[in-house]
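Given next are the chains, with one letter for each unit.
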Amino acid sequence: MTRGIRGLACVLLASIWPVLGMAAAPMNSLRGRAVDDPHGLISDVRTQLDRSGSALSAAQERALLWGMGTAAINANDDAAFAEATLRLDGLASASNDAVATAAAGFLRSRHDITNGTGDGMGEALRAADKVLGNADPELVAWARFQLCDAYTLDEKPDRALPLCRQVKGDYQALGDEWGVADAENDEGLALATLNRVDEAAKAYESSRRHFMATGGARMAVSVGDNLSQMYLKQGRAREALQLSQTSLKQELADGRISDSIDSNTDIARAMAALGEHRQAYALMKATVAKARAAGMNGQLSDLLEVESNLAEQAGDLRQALADEREVVKFENATNTPALRAIEAELEQRYAAREKELRINDLERTNRDQNLELKTAQAEAARRDEMQRRQKLANLVVTIVAVGLVLFAGLLFMLLRGQRRHAAELRAQALCDPLTGIENRRAFQQRATALLTSHRDMRDPLHVLMLIDFDHFKHINDTVGHQQGDRVLVLVTDYLRRAIGAAGHIARIGGEEFIVLCPKLGAEDGMRLAETLRAGVAALALPVELGVSQITISIGVALFDGERCHDVSSWMRAADTALYSAKSYGRDRVVASTLVS
């Protein structure tokens, strides 16, 4: 189909591109405005397409539709998105235009990944295949960046990172500073997903400098919201809050719904880090409601995780449990054992919180008694001074002074007892009373501290083992719960000795135990798990117990930072492996697919 350029079309196109007469319009020609003014760009492109008709070349129409589709995703405008992709499909069919096909595929990929629907990564890979053999280096760099962006959004940092760095080199060779800044921002996102906080912060800071150098001050502000997440992890909560608030103001002005939801989430995290738990929780509830209204299911699971944590900090454990349940549904892991584990965890958190409140009451009583002690000591000193000055009623003053000293001593002893009691309660909050090992709350604290600490990527991966006694209910039913408790204690003593310095064991409920082994690696982890299983099966039990043999089943999972990216997902992986061990006949070790 032959395309000419009429005079009116020239005038309209000049409002979008500085130069109309070029044979091919770069795909990135509208990228800045798609972020800064998405609604305005969509309106202008529609007017341009309606008025220009066949006056547009295939390359110009393709670039306009790509800009419109990108703006539609940023503005959450489903109608504009559908229009852009359908017209790109039509252009591809009419002109046999592989780049138009790729553009439609990349738009669908980003839309699907953002909204948690379809096969987003498959779309991106198929689209990239259409262009990567092209002779135009700008088109190749554009396609590589879209694939880097898709891997980043889909939280596949190991694949995203080398590709993003390659794209950065492509844009440097082309002298495209904006493209370099875009690639560095995605590089920062991949590093952040790998928990390489300091490297990610440097990438974001470099991206902001490059955007500022190209006049992209608004983009620099947007990258600032990503940087704020790293500042928060570095303990710079106030700086993080300021960056996210600045980003949110700009995103709301630009109509970028998805980005504004991310900024609100980061603001809530920063407020919580500054101790404003209730305000943070209220903001997060409003943010989740906004995401639901916008249909952003791809973000909803992460948002609910944040809301659950903030609800717990604010004391709303009912909402925390509801959020965790919904996250399990979103992640297609609605099996009953996983749900029971979450419920038990929150119930134990609630009990632990009650103990913490009792500890706080005791500490407040201690402070009051300490004040009384100081008051009594001051009164004793005052009376003693009066005695020295007046030298009257020596006997009476002596008796009063001795009484006050005794009273002060009694108060001191009471204060010390209260402090000792508070320390015992703290220990009880982290200790299982039957076996003497750590409980679920202690495990959660230890695991969270391990996963938030810096890890050299060359180190072996952390190992998690979930242990469950086989047919333990039968033991309780036949020999009684008291004997069942003795069995738990005997086996726990063996497990603790066998694990030694390799890890930490905790009882997380009933006959379920968990073993955390930092930097143990897959091979040694499986070897230790098999040693524990065989050792328990061979354990000689006292005759009076009435139990001849005990066996256990073990599920093993590695923390790889990708499929297992936090404590909850790590435990779910181990729980799934344990479920398989039970299904395969018990008395065995099964590794999560992350191990193999």
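Enquirer: Which parts of the structure should I look at to understand the overall build of the protein chain?
Expert: Helix and strand content of the protein chain: 24 helices and 6 strands. The buried share of the protein chain, reckoned over its 596 residues, is 49%.

Enquirer: Honestly, helix α24 (residues 567–583) in this entry has me stumped. Any pointers?
Expert: In an α-helix, one turn spans 3.6 residues; hence positions three or four apart end up facing the same way. If you check α24, its first and last C-alpha atoms are 24 Å apart, about what 17 residues at 1.5 Å a residue would give, namely 24 Å. Looking one or two places after α24, you find Gly 585, whose phi comes out positive at around 120°.

Enquirer: Help me understand the packing of helix α13 (residues 237–254) against helix α14 (residues 257–273) in this model?
Expert: Each pair of packed helices can be summarised by the angle the axes make with each other and by the distance between the axes. The contact between α13 and α14 brings their axes to 8 Å, and the two run at 155°. As far as their axial angle goes, α14 and α13 are roughly antiparallel. When you trace α13 past α14, the crossing you get is left-handed. Residues Ala 237, Leu 241, Ser 244, Gln 245, Ser 247, Leu 248, Glu 251 and Leu 252 of α13 form the contact with α14, whose own contacting residues are Asp 259, Ser 260, Ser 263, Asn 264, Asp 266, Ile 267, Ala 270, Met 271 and Ala 273. Of the residues belonging to the contact of α13 with α14, the class tally is 8 nonpolar, 6 polar and 3 charged.

Enquirer: Is there a simple way to think about the packing of aromatic side chains in this case?
Expert: Each aromatic ring pair is characterised by the separation of its centres together with the angle its planes make. Summed over the entire model, instances satisfying the criterion amount to 6 aromatic pairs. Ring geometry for Phe 106 and Trp 142: centres 5.4 Å apart, planes at 90°, overall edge-to-face. One end of the pair, Phe 106, is in helix α6 (residues 98–115); the other, Trp 142, is in helix α8 (residues 137–153), and 36 residues separate them in sequence. With relative accessibility at 1%, the residue Trp 142 sits in the buried group. Grouping aromatic residues by their ring pairs yields a cluster made of Trp 66, Phe 106 and Trp 142. It is Arg 236 that lies over the ring of Tyr 231; its NZ or CZ is 3.8 Å from the centre.

Enquirer: Whenever I open this one, the nonpolar core confuses me. Can you help?
Expert: One recurring pattern in soluble globular proteins is that nonpolar side chains are buried together. Counting residues in hydrophobic clusters, the biggest one holds 72 residues, and the most contacted among them are Phe 106 and Trp 142. Sort the elements by how many residues they give to this core and α8 lands first, with 9 residues. Ignoring anything within four residues of it in the chain, the contact list for Phe 106 reads Trp 66, Ala 124, Ala 127, Ala 128, Trp 142, Ala 143, Gln 146 and Leu 147. Residues Phe 472, Cys 517, Leu 539 and Val 589 belong to the second largest nonpolar core, which totals 32 residues.

Enquirer: Sorry, what's going on with the sheet that holds strand β6 (residues 589–591) here?
Expert: Spatially, β1-β3-β4-β2-β5-β6 is the arrangement adopted by the 6 strands of the open sheet, whose pairing is mixed. Sheet topology places β1 (438–439) and β6 at the edges, where each strand pairs with a single neighbour. Two strands pair when backbone bridges link them, and strand β3 (residues 504–509) and strand β4 (residues 512–517) are joined in this way by 5 bridges, in the antiparallel orientation. From the neighbouring strand, Ala 506 faces β4, where its bridge partner is Ile 514. Along the sheet, helix α23 (residues 522–537) makes contact with β2 (462–469), β4, β5 (552–559) and β6, crossing β5 at roughly 165°.

Enquirer: What exactly am I supposed to notice about the state of the cysteines here?
Expert: Between two cysteines, a covalent bond joining their sulfur atoms is known as a disulfide. Evaluation of the coordinates by the stated rule reveals 1 disulfide. A sulfur-sulfur distance of 2.1 Å marks the disulfide that ties Cys 148 to Cys 164. An S-S torsion of about 90° defines the bridge between Cys 148 and Cys 164 as right-handed. Residue Cys 148 is found in helix α8, and its partner Cys 164 is found in helix α9 (residues 157–174); the two are separated by 16 residues along the sequence. Since its relative accessible area comes to 0%, Cys 148 is described here as buried.

Enquirer: Help me out: how do you make sense of the pairing of β4 in this one?
Expert: Regular strands show a simple pattern: their side chains alternate between the two faces of the sheet. Of all 6 residues making up β4, 5 are buried, and the element is well covered by its neighbours. Connecting β3 to the next strand, β4, in antiparallel fashion are 2 residues, including Gly 510 with a positive phi near 55°.

Enquirer: How do you make sense of the pattern of salt bridges when you look at a structure like this?
Expert: Any two side chains of opposite charge can pair, so long as their charged atoms come close to each other. Counted by the stated rule, this structure contains 34 salt bridges. For the salt bridge of Asp 432 with Arg 507, the shortest nitrogen-to-oxygen distance reads 3.3 Å. Separated by 75 residues along the polypeptide, Asp 432 in the loop between α19 (394–429) and β1 and Arg 507 in strand β3 bring together distant segments of the chain. Linking Arg 563 and Asp 560 is a salt bridge whose minimum nitrogen-to-oxygen distance equals 3.9 Å. On the basis of relative accessible area, Arg 563 is assigned to the exposed category, the value being 53%. Through salt bridges with shared partners, a single network forms among Asp 384, Glu 385, Arg 388 and Arg 389.

Enquirer: Mind showing me how you'd approach the pairing of β5 here?
Expert: Within β5, 8 of the 8 residues are buried, which leaves the element mostly enclosed by the surrounding structure. Both faces of β5 are covered, namely the face carrying Ile 552, Ile 554, Val 556 and Leu 558 and the face carrying Ser 553, Gly 555, Ala 557 and Phe 559. Relative to β5, β2 is paired through 8 bridges, and the arrangement is antiparallel. Bridge pairing links Leu 464 to Ala 557 in β5. As paired strands, β5 and β6 are joined by 3 bridges and run parallel to one another.

Enquirer: For this particular structure, what's the right way to read helix α5 (residues 78–95)?
Expert: With 18 residues, α5 ought to run about 26 Å at 1.5 Å a step, and its terminal C-alpha atoms sit 26 Å apart, in line with that. Among the residues making up α5, those that are buried are Ala 80, Phe 81, Ala 84, Thr 85, Leu 88, Leu 91 and Ala 92. The arc that holds the buried residues of α5, viewed along the axis, is 125°, so those residues lie on one side. Residues of α5 that are exposed and point over 90 degrees away from its buried face: Ala 79, Leu 86, Ser 93 and Ala 94. In this structure, the buried residues of α5 make contact with α3 (38–52), α4 (58–75) and α6. Looking at where α5 begins, the residue whose side-chain oxygen comes 3.3 Å from the main-chain nitrogen of Ala 79 is Asp 77.

Enquirer: Looking at this structure, I do not really get the environment of Cys 564. What am I missing?
Expert: Along the chain, the position of Cys 564 falls in the loop between β5 and α24. For the pair Cys 564 and Ala 574, spaced 10 residues apart in the sequence, the C-alpha separation amounts to 10.0 Å.

Enquirer: Just to check I follow, could you spell out the packing of α6 against helix α7 (residues 120–131) for this structure?
Expert: Contact geometry of α6 with α7 gives a least axis separation of 8 Å together with a crossing angle of 160°. One element, α6, and the other, α7, form an angle in the roughly antiparallel class. Once α6 is placed against α7, the crossing between them reads as left-handed. Contacts between α6 and α7 involve Ala 98, Val 99, Thr 101, Ala 102, Gly 105, Phe 106, Arg 108, Ser 109, Asp 112 and Ile 113 on the former and, on the latter, Gly 120, Met 121, Glu 123, Ala 124, Ala 127, Ala 128, Lys 130 and Val 131. Its residues assigned to classes, the contact of α6 with α7 comprises 10 nonpolar, 4 polar and 4 charged.

Cut-offs applied
Residues numbered from 1 in each chain as written. Predicted model: local features only at pLDDT ≥ 70, side-chain atom pairs only at ≥ 80, totals over all residues. Heavy atoms only, no water. Helix = DSSP H or I, 4+ residues; strand = E, 2+ residues; numbered from the N terminus. Buried < 20%, exposed > 50% of the residue type's maximum accessible area, 1.4 Å probe, protein only. Expected span 1.5 Å × (residues − 1). Axes fitted to C-alpha atoms, helices over the stretch in contact; angles between N-to-C directions. Parallel < 35°, antiparallel > 145°, perpendicular 65-115°, else oblique. Left-handed = near helix turned anticlockwise from the far one by under 90°. Contact = heavy atoms within 4.5 Å. Nonpolar A, V, L, I, M, F, W, Y, C, P; charged D, E, K, R; others polar. Phe/Tyr/Trp six-rings, centres within 6.5 Å; stacked < 30°, edge-to-face > 60°. Lys NZ or Arg CZ within 6 Å of the ring centre and 35° of its normal. Core = buried A, V, L, I, M, F, W, Y, C linked by side-chain atoms within 4.5 Å. Pairing = 2+ DSSP bridges. Disulfide = S-S within 2.5 Å. Salt bridge = Lys/Arg side-chain N within 4 Å of Asp/Glu carboxyl O. Arc of directions from axis to C-beta. Polar contact = N/O pair within 3.5 Å; in protein donor to acceptor, adjacent residues only side chain to side chain.

Any functional reading would require information beyond the geometric quantities listed.
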